[in-house]
Amino acid sequence: MAFELPKLAFEYAALEPHIDARTMEIHHSKHHQAYVTNLNNALAGKPEENLSIEEICAHISKHPVAVRNNGGGHYNHSLFWSLLKPKSEGEPVGELGDVIRSTFGSFDAFKTQFAAAATTRFGSGWAWLTLTEGKLVISSTANQDNPLMDIAEVKGAPLLALDVWEHAYYLHYQNRRPDYIGAFWNVVNWEEVSKRYKAAK
């Protein structure tokens, strides 16, 4: 089964002013579509083309670099879109909110640490909140790597992800990555993050 570009649950302009419509359109319809196309081409005719993207990521060290880059790009972006919504709940409630506060000291302390991981990721990559061996861990990865991969320094179930490739923000924020990271908190779908936490426990 060929992988497909997932549909968004919102219009391209729905996240403005935090993420602009033109960036969303290019990011989704061009960048993500390219990862899907290239991944399908890299897997065509091979037994692995019948695996899920999670299964491919779990054994990524056995695959060519084209599968690592494009498979990671497809998984990461598919997750990222699901974690965005036009009007964020502001912060997580219930069990996830409690665990974040107990782990990091406060929600603001969590945001500061997550933002630091996103800001200090050199070049292109992602910042992550994962459930790792029963604990919440903040980390970052280069390029399109993710915590599902067997080559990741911090492995776990991804709960929250932030794309810090320049194509995710440069049209609107230029080189002001910290401004983009700050705006991200206005569009986080905490309900989805909480669902992922409950499923990963």
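Residues numbered from 1 in each chain as written. Predicted model: local features only at pLDDT ≥ 70, side-chain atom pairs only at ≥ 80, totals over all residues. Heavy atoms only, no water.

Colleague: How would you sum up the overall build of the protein chain? Please name residues and give values.
Modeller: From N to C terminus, the protein chain includes 8 helices and 3 strands. Order of helices (α) and strands (β) in the protein chain, N terminus to C terminus: α-α-α-α-α-β-β-β-α-α-α. Relative to a compact globule of 201 residues, whose C-alpha radius of gyration would be 17 Å, the protein chain shows 16 Å and is just as compact. By principal-axis analysis of the C-alpha atoms, the protein chain measures approximately 50 × 40 × 30 Å. Within the protein chain, residue pairs in contact and separated by at least 24 positions form 69% of the contacts whose partners lie at least 6 positions apart. Looking at the protein chain as shown, the accessible area adds up to about 9,700 Å², and 52% of this sits on carbon and sulfur atoms. (Helix = DSSP H or I, 4+ residues; strand = E, 2+ residues; numbered from the N terminus. Rg over C-alpha atoms; globule rule 2.2 N^0.38 Å. Contact = heavy atoms within 4.5 Å. Areas by Shrake-Rupley, 256 points an atom, 1.4 Å probe, with all protein chains shown as cover.)

Colleague: Give a description of the packing of aromatic side chains that names residues and reports values.
Modeller: By the definition in use, this model includes 17 aromatic pairs. Ring centres of F110 and W185 lie 5.8 Å apart, and the angle between their planes is 70°; this geometry places the pair in the edge-to-face category. Of this pair, F110 sits in helix α5 (residues 107-120) while W185 sits in the loop between α7 (177-184) and α8 (190-200), and the two are 75 residues apart along the sequence. Classification of F110 as buried rests on a relative accessible area of 0%. Owing to a relative accessible area of 10%, W185 belongs among the buried residues under this scheme. Taking the centre distance of 5.5 Å and the plane angle of 65° together, the rings of F114 and W185 count as edge-to-face. With a gap of 71 residues between them, F114 in helix α5 and W185 in the loop between α7 and α8 connect regions that are remote in the sequence. You can call F114 buried: its relative accessible area is 0%. The rings of F80, W81, F104, F107, F110, F114, W126, W128, F184, W185 and W190 are connected pair by pair, giving a single aromatic cluster. (Phe/Tyr/Trp six-rings, centres within 6.5 Å; stacked < 30°, edge-to-face > 60°. Buried < 20%, exposed > 50% of the residue type's maximum accessible area, 1.4 Å probe, protein only.)

Colleague: Give a description of the layout of surface pockets that names residues and reports values.
Modeller: Of the voids in this model, the largest pocket is the one considered here, and its volume is about 180 Å³. Forming the boundary of the largest pocket are R68, R121, S139, S140, T141, A142, D145, I151, A152, E153 and V154. No other element matches the 4 residues that strand β2 (residues 135-142) contributes to the lining of the largest pocket. Looking at the lining of the largest pocket, its residues break down into 4 nonpolar, 3 polar and 4 charged. (1 Å grid on protein atoms, 1.4 Å probe; cavity = no way out; pocket = protein on both sides within 12 Å on 5 of 7 lines; lining within 4 Å. Points joined across faces, edges and corners; volume = space filled by probe spheres on them. Nonpolar A, V, L, I, M, F, W, Y, C, P; charged D, E, K, R; others polar.)

Colleague: Please provide a residue-by-residue account of the side chain of D20, values included.
Modeller: Within the secondary structure, D20 sits in the segment before α1 (21-43). Despite its burial, D20 remains without a salt bridge, the nearest opposite charge being carried by R22 at 7.1 Å. One polar contact links D20 to T23, side chain to side chain, over a distance of 2.7 Å. Apart from the residues within four sequence positions on either side, D20 is in contact with Y12 and H172. (Lys, Arg positive; Asp, Glu negative; His and termini not counted. Salt bridge = Lys/Arg side-chain N within 4 Å of Asp/Glu carboxyl O. Polar contact = N/O pair within 3.5 Å; in protein donor to acceptor, adjacent residues only side chain to side chain.)

Colleague: Which residues make up the sheet that holds strand β1 (residues 125-132), and what values do they have?
Modeller: Spatial strand order, β2-β1-β3: 3 strands in an open sheet with antiparallel pairing. Two strands lie at the open edges of the sheet, namely β2 and β3 (157-163), each paired on one side alone. Strand-to-strand, the axes of this sheet are offset by a mean angle of 20°, without reference to chain direction. Two strands pair when backbone bridges link them, and β1 and β3 are joined in this way by 6 bridges, in the antiparallel orientation. (Pairing = 2+ DSSP bridges. Axes fitted to C-alpha atoms, helices over the stretch in contact; angles between N-to-C directions.)

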